[in-house]
Amino acid sequence: MTENTGVRHGGAPESRGRTTIADVVVEKIAGMAARDVRGVYALGSGFARSMGSVRERMPGAGSGKSATRGVSVEVGELQAAIDLEIVVDYGVSITDVAGAVRENVISAVERMAGRDVVEVNIMVSDVKLPDEEDEGEERQRIR
């Protein structure tokens, strides 16, 4: 005869197995969170953005890469470190934008991926001037 103690075998459901999160998942979360901050014009250097726009026009070649452009991560089982390269709008406080990006990225990654973010390094590679054309506008003019 078996005794029923009301406890199921194996413990709580969240402890029955392992969840692995790919680096690209954290890259996408961090990239989207950084883009949501006011004053961030784009992620990645000018060259990376140009190459990305060319790649995105090729059928089947650009799937998902724009979300991770300018973002690199190191993800462990419990922690993540994130490097971002951003372009800011002219006239904004770069230190304020960087602080807001850092805060937004940490919050999003910790909430969505459950990883403790140990650092978010930000490199500001360019400033978008008001009189500069967008890459998309330039492409439209050339066609």
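Quantities reported herein were computed from a predicted structural model and do not represent experimental measurements.

### Examining the pairing of strand E3 (residues 79-89)
- Here strand E1 (residues 40-43) runs beside E3; their pairing, made up of three bridges, is antiparallel. Note on E3: the bridge partner recorded for Ala42 is Val87.
- The hairpin turn running from strand E2 (residues 71-75) into E3, its antiparallel successor, is three residues long.
- With 11 bridges joining them, E3 and strand E4 (residues 116-128) adopt parallel strand pairing. By the bridge assignment, Glu85 is partnered in E4 with Met123.
- Each parallel crossover has a hand, and the one from E3 via helix H4 (residues 94-113) to E4 is right-handed.

### So, the nonpolar core
- Core analysis: the biggest nonpolar cluster contains 23 residues, and Ile82, Leu84, Val101, Val105 and Val109 have the highest contact counts within it.
- Of all the elements, H4 adds the most residues to this core, at six residues.
- Sequence-distant contacts of Val109, that is, excluding residues within four places in its chain, are made with Val26, Ile29, Ala30, Ile82, Gly114, Arg115 and Val117.

### Description of the packing of helix H1 (residues 23-35) against H4
- Direction vectors running N to C along H1 and H4 enclose 140°, while the axes themselves pass 8 Å from each other. It follows that H1 is oblique to H4 by the angle criterion. Of the two elements, H1 crosses H4, and the hand of that crossing is right-handed. When H1 is examined against H4, the residues Val26, Ile29, Ala30, Ala33 and Ala34 are found in contact with a partner set consisting of Val101, Asn104, Val105, Ala108, Val109, Met112 and Ala113.
- Considering only residue class, the contact of H1 with H4 consists of 11 nonpolar, one polar and no charged.

Conventions and cut-offs
- Residues numbered from 1 in each chain as written.
- Predicted model: local features only at pLDDT ≥ 70, side-chain atom pairs only at ≥ 80, totals over all residues.
- Heavy atoms only, no water.
- Pairing = 2+ DSSP bridges.
- Helix = DSSP H or I, 4+ residues; strand = E, 2+ residues; numbered from the N terminus.
- Right-handed = clockwise from strand over helix to strand, strands pointing away.
- Core = buried A, V, L, I, M, F, W, Y, C linked by side-chain atoms within 4.5 Å.
- Buried < 20%, exposed > 50% of the residue type's maximum accessible area, 1.4 Å probe, protein only.
- Contact = heavy atoms within 4.5 Å.
- Axes fitted to C-alpha atoms, helices over the stretch in contact; angles between N-to-C directions.
- Parallel < 35°, antiparallel > 145°, perpendicular 65-115°, else oblique.
- Left-handed = near helix turned anticlockwise from the far one by under 90°.
- Nonpolar A, V, L, I, M, F, W, Y, C, P; charged D, E, K, R; others polar.

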